[in-house]
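# Chain and residue survey
What follows is the residue order along each chain.
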Amino acid sequence: MMNQAERKAFNSQFWRFLWSAILIALSGCLGNVVDAIIVGNLIGEDAVSAINLTRPVVQFMYTLNMLLATGAGILVGVEIGKKDMSRAAYFYTLSMAACLIVGLLITAAGLFYPGTVTGWLCSNAHLFQLTFEYLSIMLIGAPVYMMMWALSTMVGVDGSPRLVSIAILIDNAVNLSLDIVFIQLLGWGIGGSSTATVVGHVVGIVIMLWHFRYKDNHLRLIVRNVGIKLQKASSQIISQGAPLAIASVCLTLLLYNANSIVLGTLGRTGIFAFAVCMNLLQIYNLFLAGVCRTIQSLGAIQVGKGDNEAFRLVLRKSFSFITAAMILICIVVWVDPNVISRLFGANDPAILAESNHALRIFSLSFIPFCYIYAIMIVYKLYAHHRMALFISFALSLTVIPVLWLVSKFAPTLLWYSYLIAYIIEIVAILVLHHAMHAKFELPTRNSKNG
């Protein structure tokens, strides 16, 4: 049992991890939005469209990073908790090497096949050149993207989440400042914006490297014997990161299909309302990302220590925080959704009415989504990998058939599709949990994965 002094110190550590993680998510979100505003004002609307067309590449790289770095980050945290620094260094080295190699392969695609990759993303001749110019720099700078995200995971797990948040804030500040310099002063056009993003990430990496000056850091690159048990270690890393990576892919697939279904069912009014709701989801994701990163980092350390009391305290505080945040968002949306709709340019009475109606329903629908996503992380840390994998698929793929069925047989209830799907998922998770006799007990070295 923790004494009062230990509990106070642990609480301080928890809030330090949580607010740093939220700040990381906030800075990334604001950076993307303000970046688009600057480019739109300096170059034009087509430039914003071109950047949006390249987003699948960013999402693809981010998915690979979750597969190779996020999963490894959990394993590094566990080994640090166990005080097995040699294994922590082993997982860290493999992850960073894999991210660098993948980044270099993407760079090769940017050097030799930029036109082909652009053609996959952009079929509009008018937007092709802008998309090509932005994407070419992004592909060449792929290793910087991969290493930035990987380092932010590892340095955060190793006890410097505040340094990570500072690095990402400065990264975004440099990016936005250089947008103006490269585009307006130097006349580099949209390629200047992509270059500014890469340079910002380089600055962020340099700042995070300061962590390695601390004597108590546990991250070490090892060269000797790195190939020993490589296949087993690689499968462990991929196994840890797979649910998050799959969830990312599925969420992208869901958005693509949902856009098509909503547009075909409710037309222009419906697709605008849906876009506003997806922006509302970003607010939920802001807090969800902070909670999940805290559970992954601080929670993994407690798992490694075998400290069940501290781990459950992390979970209890995390779920209490996300619940309070979601209730607050719901209250704001329900009291005056009109403000949110107008923020995105809605003036037509019919569009306002549809958007306000959709916002109220989605503000409730996103609550089970957040719980389901967070519990997926919990299952991973309790070594119930099959449960986590099931959730990563079901989280998005359940919504698609429900959307389709509702659009065909009850189109007026289309906005309830997400809520219905998430309720079905919760029931399925409960049934599968009991069927597999899953227990929330900390895994040991000799325990078998569920």
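Calculation rules
- Residues numbered from 1 in each chain as written.
- Predicted model: local features only at pLDDT ≥ 70, side-chain atom pairs only at ≥ 80, totals over all residues.
- Heavy atoms only, no water.
- Helix = DSSP H or I, 4+ residues; strand = E, 2+ residues; numbered from the N terminus.
- Buried < 20%, exposed > 50% of the residue type's maximum accessible area, 1.4 Å probe, protein only.
- Contact = heavy atoms within 4.5 Å.
- Areas by Shrake-Rupley, 256 points an atom, 1.4 Å probe, with all protein chains shown as cover.
- pLDDT = per-residue confidence, 0-100.
- 1 Å grid on protein atoms, 1.4 Å probe; cavity = no way out; pocket = protein on both sides within 12 Å on 5 of 7 lines; lining within 4 Å.
- Points joined across faces, edges and corners; volume = space filled by probe spheres on them.
- Nonpolar A, V, L, I, M, F, W, Y, C, P; charged D, E, K, R; others polar.
- Phe/Tyr/Trp six-rings, centres within 6.5 Å; stacked < 30°, edge-to-face > 60°.
- Lys NZ or Arg CZ within 6 Å of the ring centre and 35° of its normal.
- Patch = residues over 30% accessible without salt bridge, like charges linked within 9 Å, V, L, I, M, F, W, Y side chains within 5 Å.
- Salt bridge = Lys/Arg side-chain N within 4 Å of Asp/Glu carboxyl O.
- Axes fitted to C-alpha atoms, helices over the stretch in contact; angles between N-to-C directions.
- Parallel < 35°, antiparallel > 145°, perpendicular 65-115°, else oblique.
- Left-handed = near helix turned anticlockwise from the far one by under 90°.
- Arc of directions from axis to C-beta.
- Core = buried A, V, L, I, M, F, W, Y, C linked by side-chain atoms within 4.5 Å.

A few words now on the overall build of the protein. The secondary structure content of the protein amounts to 16 helices and 0 strands. Put simply, the protein has 450 residues, and 52% of those count as buried. Taking contacts inside the protein between residues at least 6 apart in sequence as the whole, the part at least 24 apart equals 81%. Per element, the accessible surface of the protein, about 20800 Å² overall, is 67% carbon and sulfur.

With that settled, the discussion passes to the side chain of S318. One can find S318 in helix α11 (residues 308–335). Those residues within four positions of S318 in sequence are excluded, and the remaining contacts are F14, V291 and I295.

What follows concerns the confidence of the model for the protein. Scored by pLDDT, the protein has a mean of 80; 84% of the residues are at 70 or more. By mean pLDDT, helix α2 (residues 45–53) is the weakest element of the protein at 67, and helix α16 (residues 417–435) is the strongest at 93. Contacts for the low-pLDDT stretch residues 445–450, under 50 throughout, to residues beyond four places or in other chains number 11 contacts.

Let's shift gears to empty space enclosed by the protein. According to the stated counting rule, one finds 1 cavity of 30 Å³ or more in the structure shown. One number sums up the size of the largest cavity: a volume of about 60 Å³. Along the wall of the largest cavity there are 10 residues; nearest its centre are F17, G156, P161, R293 and S297. Listed by contribution, the elements that provide at least two residues to the lining of the largest cavity are α1 (4–42), α7 (142–157), α8 (161–185) and α10 (230–305). Per-element accounting of the lining of the largest cavity gives the leading share, 4 residues, to α1. Here the lining of the largest cavity is built from residues that sort into 6 nonpolar, 3 polar and 1 charged.

We now examine the packing of aromatic side chains. Enumeration according to the criterion identifies 20 aromatic pairs in this entry. Here the aromatic rings of W19 and F321 are separated by 5.6 Å at their centres, their planes lie at 85 degrees, and the arrangement is edge-to-face. In this pair, W19 sits in helix α1 while F321 sits in helix α11, placing the two residues 302 residues apart along the sequence. Using a relative accessible area of 45% as the deciding quantity, one classes W19 as partly exposed. Residue classification places F321 among the buried positions, given a relative accessible area of 12%. Three or more aromatic residues link up through ring pairs in this structure, and these residues are Y284, F362, F366, F369, Y373, W415, Y418 and Y422. The ring of W210 has R213 lying over it, and the distance from NZ or CZ to the ring centre is 4.4 Å.

Moving on: the side chain of S365. Of note, S365 is situated in helix α13 (residues 349–381). S365 gets classed as buried once you look at its relative accessible area, which sits at 0%. In this view, S365 contacts W415, Y418, L419 and Y422; residues no more than four positions away in its chain are not counted.

Here the focus is a nonpolar patch on the surface. On the surface, a nonpolar cluster with roughly 480 Å² of combined accessible area is contributed by L111, F112, Y113 and I140. The topology assignment puts I140 in helix α6 (residues 125–140).

Running from N to C, α13 and α16 point in directions that differ by 30 degrees, and their axes come no closer than 8 Å. Compared by their axis directions, α13 and α16 come out roughly parallel. As for the relative orientation of α13 and α16, their crossing is left-handed in sense. Of the residues in α16, those in contact with F362, L364, S365, P368, F369, I372 and Y379 of α13 are Y418, L419, Y422, E425, I426, I429 and H433. Of the residues belonging to the contact of α13 with α16, the class tally is 11 nonpolar, 2 polar and 1 charged.

Right, let's talk about the environment of I301 for a bit. By secondary structure assignment, the location of I301 is in helix α10. For I301, a relative accessible area of 11% translates into the label buried. When neighbours within four sequence positions are excluded, I301 is seen to be in contact with G77, G81 and V157.

Right, let's get into unusual backbone geometry. Positive phi outside glycine occurs at H437, with the angle close to 55 degrees. As for its position among the elements, H437 is in the segment after α16. Using a relative accessible area of 65% as the deciding quantity, one classes H437 as exposed.

Our next topic: helix α5 (residues 114–121). For α5, every residue scored as buried is listed here: P114, V117 and T118. Seen along its axis, α5 keeps its buried residues to an arc of 100 degrees; they face one direction. In this structure, the buried residues of α5 make contact with α4 (85–112) and α6.

When you line up the elements, F132 lands in helix α6. As for F132 and G119, which are separated by 13 residues in sequence, their C-alpha atoms are 8.6 Å apart.

Judged by nonpolar contacts, the single largest core of 73 residues is most densely connected at Y284, F362 and Y418. Taken together, the elements giving at least two residues each to this core come down to α1, α3 (55–82), α10, α11, α13, α14 (385–397), α15 (399–409) and α16. The element that contributes the greatest number of residues to this core is α10, accounting for 21 residues. Those residues in contact with Y418 that sit more than four places away from it in its chain are L254, A258, F274, M278, F362, S365, V399 and L403.

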